[in-house]
Amino acid sequence: MSSKTRVTPEEALAYHLEPKPGKYEIVATTPMATQRDLSLAYSPGVAVPVQAIADNPETAYDYTVKGNMVAVISNGTAILGMGNLGALASKPVMEGKAVLFKRFADVNAIDIELDSEDPDEIIKAVAMMGPTFGGINLEDIKAPECFIIEQRLKEIMDIPVFHDDQHGTAVICAAGLINALELSGKKIGDVRIVLNGAGAAGIACLELLKSMGAKHDNCIMCDTKGVIYQGRTEGMNQWKSAHAANTDLRTLEQAMDGADVFLGVSAKGAVTPEMVTSMAENPVIFAMANPDPEITPEEAHAVRPDAIVATGRSDYPNQVNNVLGFPYLFRGALDIHARAINDEMKIACANALAKLAREDVPDEVAMAYGRKLSFGRDYIIPTPFDPRLIYVIPPAVAKAGMDTGVARRPIIDLHAYELSLKSRMDPTASILQGIHARARQAQARMIFAEGDDPRVLRAAVAYQRAGLGKAIVVGREADVREKLETAGLGEAVRELEVVNAANTRHLETYREFLYKRLQRNGHDRADIHRLAARDRHVFASLMLAHGHGDGLVTGATRKSAHVLSLINHVFDAKATDGAVGVTALLHKGKIVLIADTLVHEWPEPEDLATIATKAAGVARNLGLEPRVAFVSFSTFGYPVSERATKMHLAPKVLDQRGVDFEYEGEMTVDVALNPDAAAHYPFSRLTGPANILVVPARHSASISVKLMQEMAGATVIGPILTGLKRPVQICSTASTVNDILNMAVLAACKVG
């Protein structure tokens, strides 16, 4: 179990403030550069699709974004367990929901906050927005109004209306229960189920399970006043009454005696160890209260080792996480232009999730979570970063929608649909998730060399509070404290280990080591003292060399070439030593590595082959199967140029070395990355677009990276320094806090 990530108020506010307020923006998908473009986008060209839609409303799905657009709607009356804080206060949550739709299922979503607690007003407002959207996601609306609003909107609207607080939780709960019952050798029609928490999510869970075969007489629903039984009048409403049981049981404790399944959407501590002890053999306990479960897995397993336990927490196995459901439910529903999301589609989603958890887990998923995952008591629900979700769940949902008649436009070829969904996957997120998980498992002592820089200090605090390991900062304690206080993190100075030449007992050892290393390179003892005691880059490198830290991050305050020269006093980080710099570019769901971006100024063919080999190692450490392209302005010998010749010769060097990855060249960048351009060269050895570009010189590497960063908005990670005996990563002077943190994570994972 990993430690729970700590997030300070300052970090949370900074995340929502920088680099721009909020979490998303609107980007045009068609050209908008010329007068002709504008004439097509607006008047007079727009009149043509307008008339087409007026003549046949179904074509709105063809000519507008309606078919891939969801409204995320709330009035802020039940925000994330925080209660009724109003529509405006709910906006950060709804923006978050919108970006989750995009991140996980490539569904465009816009948040809409309605400033009303009147169900009739909300129903009218949402219904009038129907023409704009392909689906409606209701969120954080309190019960019982949420039932009234959803039911009425389902009746009057011809697009899916889905209250995720109800049905999202229910679907994931059902998926987990399918597998938990299989492991315990029980059937849903036979088990006794106790639900605690008669709000929107609890009622939806029980309704869905009953539609899947659970028997009404075997289900007991409880709220804060105890069992909901036939004849009870206190605290009742029509939705609770529908699940009232014919029973003499009156308390949760009584209901739990002999129960097979407990479902909790209530409050921390609602279940005691004694209650768990009284349950039937192989009990199933879904303690889904957030942020703290009704009973922790440790507490449950202490009295019942045979229990199968799930929670809503990411730091325990078997997380019941709505993000496994709603993006893919809407993806499947939107792609068949569904009129609704019905029970059959929800059950199909649950069954597909359960089936996926029983299948062999790909290595990249295991890498992302830092442990091997296999179907069993600690893995009954897929993980949110499983890349298979996007192409497994929506087809199941779409098929159920087609089978039940809610599809306006059925999908004829489901296999082709599955392939199209694979193209929507964003591999970059799973790669970043993977290295963070590996870093958390490694628990590396990370040395942050530049403790006088606020960005570095904030990154060091984030590293430690994220549970990634121990942060060691090189700097003067008073200076570190002052800068942390200015950043609103004054208390963090007690958490960090602050080290400098004045407070270490190892300075003499460092000086002797450095003197022996540099005495024949023109350095006397005075030089050595100045380097070891006064230069933080050298001092931090000496710490690392002597095992007083596990990794080093530096470079945020000085040019990388200068920092590299200082590191070379302690480590062999020159081109002749096999050091290479690899930069990762992340853009629109694609990742490309460029090398060498740090060490080799003008590499020759032998150097280029070494660069390719080192870059392939970095790619594999990131979870990529390397495909190397030696790029130039020429392709396979034309046009002829002396400068391109070495790129032509480098693959021949790799031929002689017998490496175990794909490579080809020389070629232009479009041939390397664009399958259509590559199709003109059927003899190419690359089986797909290259993910590593080896460039002719460091200046071309720098130009390429900066151009992608500034013109295309690519995310840049690196250069990742590889080829050293110990993990050292050098940031750029323009690095943000998040960039520095990413470099620390790479060092912790020993990606270089």
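Quick summary incoming for the structure in this document. None of the values given here were measured: they were computed from a predicted structure.

Quick look at the overall build of the protein now. Summing up its helical and strand segments, the protein has 31 helices and 21 strands in all. A compact globule built from 752 residues would reach a C-alpha radius of gyration of about 27 Å, and the protein, at 29 Å, matches this within 12%. In terms of its C-alpha atoms, the protein occupies a principal-axis envelope of roughly 95 × 65 × 45 Å. Considering the protein as a whole, with its 752 residues, one finds that 53% of them fall into the buried category. In the protein, once contacts between residues fewer than 6 apart in sequence are set aside, the share between residues at least 24 apart is 70%. As displayed, the protein offers around 32800 Å² of accessible surface, 53% of which is attributable to carbon and sulfur atoms.

With 13 residues, helix α31 (residues 737–749) should reach 18 Å at 1.5 Å per residue; the first-to-last C-alpha distance of 19 Å fits that figure. With 11 of its 13 residues buried, α31 lies for the most part within the structure. Remark: K750 follows α31 within two positions and exhibits a positive phi of approximately 55°.

Residues I136 and F286 are the most contacted members of the largest nonpolar core, which totals 101 residues. Ranked by residue count, the leading element in this core is helix α8 (residues 164–184), at nine residues. Apart from the residues within four sequence positions on either side, I136 is in contact with A71, I73, V126, M157, I159, P160, V161, F162 and F330. The next biggest cluster of nonpolar side chains, apart from the first, holds 67 residues, and it includes A462, L484, A492 and L593.

Moving on: the pattern of salt bridges. Following the criterion strictly, the structure yields 42 salt bridges and no others. In this structure, R530 engages D527 in a salt bridge whose closest nitrogen and oxygen atoms are separated by 2.6 Å. Placement of both R530 and D527 in helix α23 (residues 525–534) is noted, with a separation of three residues, approximately one turn of the helix. Given a relative accessible area of 40%, R530 falls into the partly exposed group. Connected through shared salt-bridge partners, K91, E95, D111 and E113 make up one network.

Moving on: the pairing of strand β9 (residues 284–287). The alternating pattern of β9 places V284 and F286 and I285 and A287 on opposite faces, both of which are buried. In this sheet, β9 lies alongside strand β8 (residues 261–264) in parallel orientation, the contact comprising four bridges. Its bridge partner being in β9, F262 is matched across the sheet by I285. Here β9 pairs with strand β10 (residues 308–311) via four bridges, running parallel. Bridging across to β10, A287 finds its partner in T311. What joins β9 to β10 is helix α13 (residues 297–303), and the crossover it makes is right-handed.

Before going further, it helps to examine the packing of aromatic side chains. This structure, assessed with the given rule, holds 11 aromatic pairs. Consider the rings of F101 and F326, whose centres lie 4.9 Å apart with planes at 65°: the pair is edge-to-face. Here the residue F101 occupies a position in helix α5 (residues 91–105), and F326 occupies one in helix α14 (residues 326–335), the gap between them amounting to 225 residues. The exposure class assigned to F326 is buried, which follows from its relative accessible area of 1%. Ring plane angle 85° and centroid distance 5.8 Å describe the contact between F162 and F330, whose orientation is recorded as edge-to-face. Here F162 is found in strand β4 (residues 161–163), whereas its partner F330 is found in helix α14, with 168 residues between them in sequence. Its relative accessible area of 1% is what places F162 among the buried residues. Taking relative accessible area as the criterion, F330 reaches 0% and is therefore assigned buried.

We now examine the sheet that holds strand β2 (residues 108–113). Two strands in a sheet stick together by hydrogen bonds in their backbones, pointing the same way (parallel) or opposite ways (antiparallel). The sheet built from four strands is open, its strands ordered β2-β1-β3-β4 with parallel pairing. Of all the strands in the sheet, just β2 and β4 have a single pairing partner and so form its edges. Averaged over all pairs of adjacent strands, the angle between strand axes in this sheet comes to 25°, irrespective of strand direction. Where strand β1 (residues 69–74) and strand β3 (residues 135–138) come together, four bridges link them in parallel fashion. Residue pairing in the sheet places V72 in a bridge with N137 of β3. Together, β1, β2 and β3 form the strand contacts of α5, whose direction differs from that of β2 by roughly 165°.

A separate point is the state of the cysteines. Within the structure shown, the criterion is met by zero disulfides. Looking at the unpaired C205, the closest cysteine sulfur is the one in C173, lying at 4.2 Å. By relative accessible area, C205 is classed as buried at 1%. Residue C731 stays outside any disulfide, its sulfur separated by 15 Å from that of C749, the closest cysteine.

Of all the five residues making up strand β11 (residues 444–448), four are buried; the element is thus mostly covered by neighbouring parts of the structure. With five bridges joining them, β11 and strand β12 (residues 469–474) adopt parallel strand pairing. Within β12, the position partnered with M446 by the bridge is A471. As defined by bridge partners, β11 adjoins strand β14 (residues 551–554) across three bridges and the pair is classed as parallel. Directly across from M446, in β14, lies its bridge partner G551.

Side chains of L80, M82 and L85 sit close together on the surface and give an oily, nonpolar patch of about 340 Å² of accessible area. Owing to a relative accessible area of 46%, L85 belongs among the partly exposed residues under this scheme.

The strand order across the open sheet built from six strands is β7-β6-β5-β8-β9-β10, with neighbouring strands paired in mixed fashion. With partners counted over all chains shown, the strands left at the sheet margins are β7 (226–227) and β10, one partner each. Contacts from α8 reach β8, β9 and β10 within the one sheet, and its direction differs from that of β9 by about 160°.

Another aspect to go through is the packing of α8 against helix α9 (residues 200–211). Running from amino to carboxyl end, α8 crosses α9 at an angle of 50°, the nearest separation of the two axes being 8 Å. Between α8 and α9, the crossing angle belongs to the class labelled oblique. Helix-helix and strand crossings are classified by hand; for α8 and α9 the assignment is right-handed. Across the interface between the two elements, D165, Q166, H167, T169, A170, V171, C173, A174 and L177 of α8 pack against A200, A201, A204, C205, L208 and L209 of α9.

Its location among the elements puts P92 in helix α5. Taking the C-alpha atoms as reference points, P92 and G488, 396 residues apart in sequence, are found 22 Å from one another. Beyond its immediate stretch of four places on either side in the chain, P92 contacts H16 and K23.

Within the fold, V323 resides in the loop between β10 and α14. Beyond its immediate chain neighbours, meaning those up to four positions away, V323 contacts L100, F104, Y328 and P384.

By the secondary structure assignment, E359 is in the loop between α15 (343–358) and α16 (363–369). In this structure E359 comes out as partly exposed when scored by relative accessible area, which is 37%.

Parameters and conventions
Every chain begins its residue count from 1, and numbering advances along the sequence as written. Local features in this predicted model are restricted to residues of pLDDT 70 or higher, and side-chain atom pairs are both shown and tallied only at a pLDDT of 80 or more, whereas totals for entire chains, interfaces and linings draw on every residue. Calculated side-chain values reflect all of the structure's heavy atoms, with hydrogen atoms and water omitted. The helix count covers DSSP runs of H or I at least four residues long, the strand count covers runs of E at least two residues long, and both are numbered beginning at the N terminus. Based on C-alpha atoms, the radius of gyration is set beside the globule rule, defined as 2.2 Å times the residue count to the power 0.38. With a 1.4 Å probe rolled over the protein chains alone, any residue whose accessible area is under 20% of its type maximum counts as buried; one over 50% counts as exposed, and the rest are partly exposed. Contacts were defined at the residue level, with two residues in contact if any of their heavy atoms lie within 4.5 Å. Shrake-Rupley sampling with a 1.4 Å probe provides the accessible areas, and residues are treated as covered by the protein chains on show and by no other component. Multiply 1.5 Å by the residue count of a helix minus one, and that product is the helix's expected span. We define a nonpolar core as any set of buried Ala, Val, Leu, Ile, Met, Phe, Trp, Tyr and Cys residues linked to one another through side-chain atoms lying within 4.5 Å. A pair is scored as a salt bridge if a Lys or Arg side-chain nitrogen falls within 4 Å of a carboxyl oxygen belonging to Asp or Glu. Here, strands pair whenever DSSP counts at least two bridges between them. We call a crossover right-handed when, viewed with the strands running away from us, the connection from the first strand over the helix to the second turns clockwise. Under the pairing criterion, centres of Phe, Tyr and Trp rings, with the six-membered ring standing for Trp, must be within 6.5 Å; the plane angle then separates stacked pairs below 30 degrees from edge-to-face pairs above 60, leaving the rest tilted. Axis lines are fitted to C-alpha atoms, over the contacting stretch for helices. Their N-to-C directions set the angle, which ranges from 0 to 180 degrees. Any pair of cysteine sulfurs within 2.5 Å is marked as a disulfide. Note that patches include only residues with greater than 30% relative accessible area and no salt bridge, and the join distances are 9 Å for like charges and 5 Å for nonpolar side chains (Val, Leu, Ile, Met, Phe, Trp, Tyr). Our angle categories are set so that under 35 degrees counts as roughly parallel, over 145 as roughly antiparallel, 65 to 115 as roughly perpendicular, and the remainder as oblique. By definition, any crossing whose near helix is turned counterclockwise from its far helix by less than a right angle is left-handed, and any crossing with a clockwise turn is right-handed.

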